[in-house]
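Each chain is listed here by its residues.
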Amino acid sequence: AAARAESPRHRFDAHALAKYLVGSGQFMDPVNRRPLLREECLALDRITGGTYGVAEALAAVQEVQAAGGGRSAATREVAVAARQLFVVPSATAPPQRPAAATRAQQQ
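Parameters and conventions
Residues numbered from 1 in each chain as written. Predicted model: local features only at pLDDT ≥ 70, side-chain atom pairs only at ≥ 80, totals over all residues. Heavy atoms only, no water. Core = buried A, V, L, I, M, F, W, Y, C linked by side-chain atoms within 4.5 Å. Buried < 20%, exposed > 50% of the residue type's maximum accessible area, 1.4 Å probe, protein only. Helix = DSSP H or I, 4+ residues; strand = E, 2+ residues; numbered from the N terminus. Contact = heavy atoms within 4.5 Å. Polar contact = N/O pair within 3.5 Å; in protein donor to acceptor, adjacent residues only side chain to side chain.

K.L.:
Report on the nonpolar core, specifying residues and quantitative values.
P.N.:
Grouped together as the largest cluster of nonpolar side chains are 14 residues, with contacts concentrated most on Leu 21, Phe 27, Cys 41, Leu 44 and Val 54. Put simply, the parts of the chain that give this core at least two residues each are helix 2 (14-24), helix 3 (38-47) and helix 4 (54-66). In this structure, Val 54 is in contact with Ala 18, Leu 21, Val 22, Phe 27, Cys 41, Leu 44 and Asp 45, ignoring residues within four places of it in sequence.

K.L.:
So, helix 2: which residues are in play, and what are the values?
P.N.:
Among all positions in helix 2, only Ala 14, Leu 17, Ala 18, Leu 21, Val 22 and Ser 24 are buried. A distance of 3.2 Å separates the backbone nitrogen of His 15 from a side-chain oxygen at the start of helix 2, and that oxygen is part of Asp 13.

K.L.:
Explain the environment of Glu 40 to me, and be specific about the residues and the numbers.
P.N.:
Looking at where Glu 40 falls in the secondary structure, it is placed in helix 3. It is 10.0 Å that separates the C-alpha atoms of Glu 40 and Phe 27, two residues lying 13 residues apart in sequence. Ignoring any residue separated from it by four or fewer positions in sequence, one finds Glu 40 in contact with Arg 34 and Pro 35. A polar side-chain atom of Glu 40 sits 2.6 Å from the main-chain amide nitrogen of Leu 37.

K.L.:
Tell me about the environment of Thr 51, residues and numbers included.
P.N.:
The residue Thr 51 is located in the loop between helix 3 and helix 4 in this model. Through-space distance from the C-alpha of Thr 51 to that of Lys 19 is 9.1 Å; in sequence the pair is 32 residues apart. Among the polar contacts listed, one links the side chain of Thr 51 to the backbone oxygen of Thr 48, at a separation of 2.8 Å.

Bear in mind that shape data such as this cannot, by itself, settle questions of function.
Here's what the structure looks like:
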């Protein structure tokens, strides 16, 4: 853990990074290929308002890999797609309104 705290930090556009991670199913730092931690994926979800479900997609890929599904690109894609199609949003999560509707109500 101390090595990670001392390693250089890379900055990315949060939405672009989240879209790339979920779309590719490769949950690694794009610069040094270090596997991302669940906490980092959760932080990315907080920053992007949960739009991409990065932590959920990471969990889906890890579940498939743990079950012996392998690490192929096809396996990652199937895991991410299945999770996005069949996971029901939490009942405790507040409904998200589009930003345009929110701005219109504020005016």
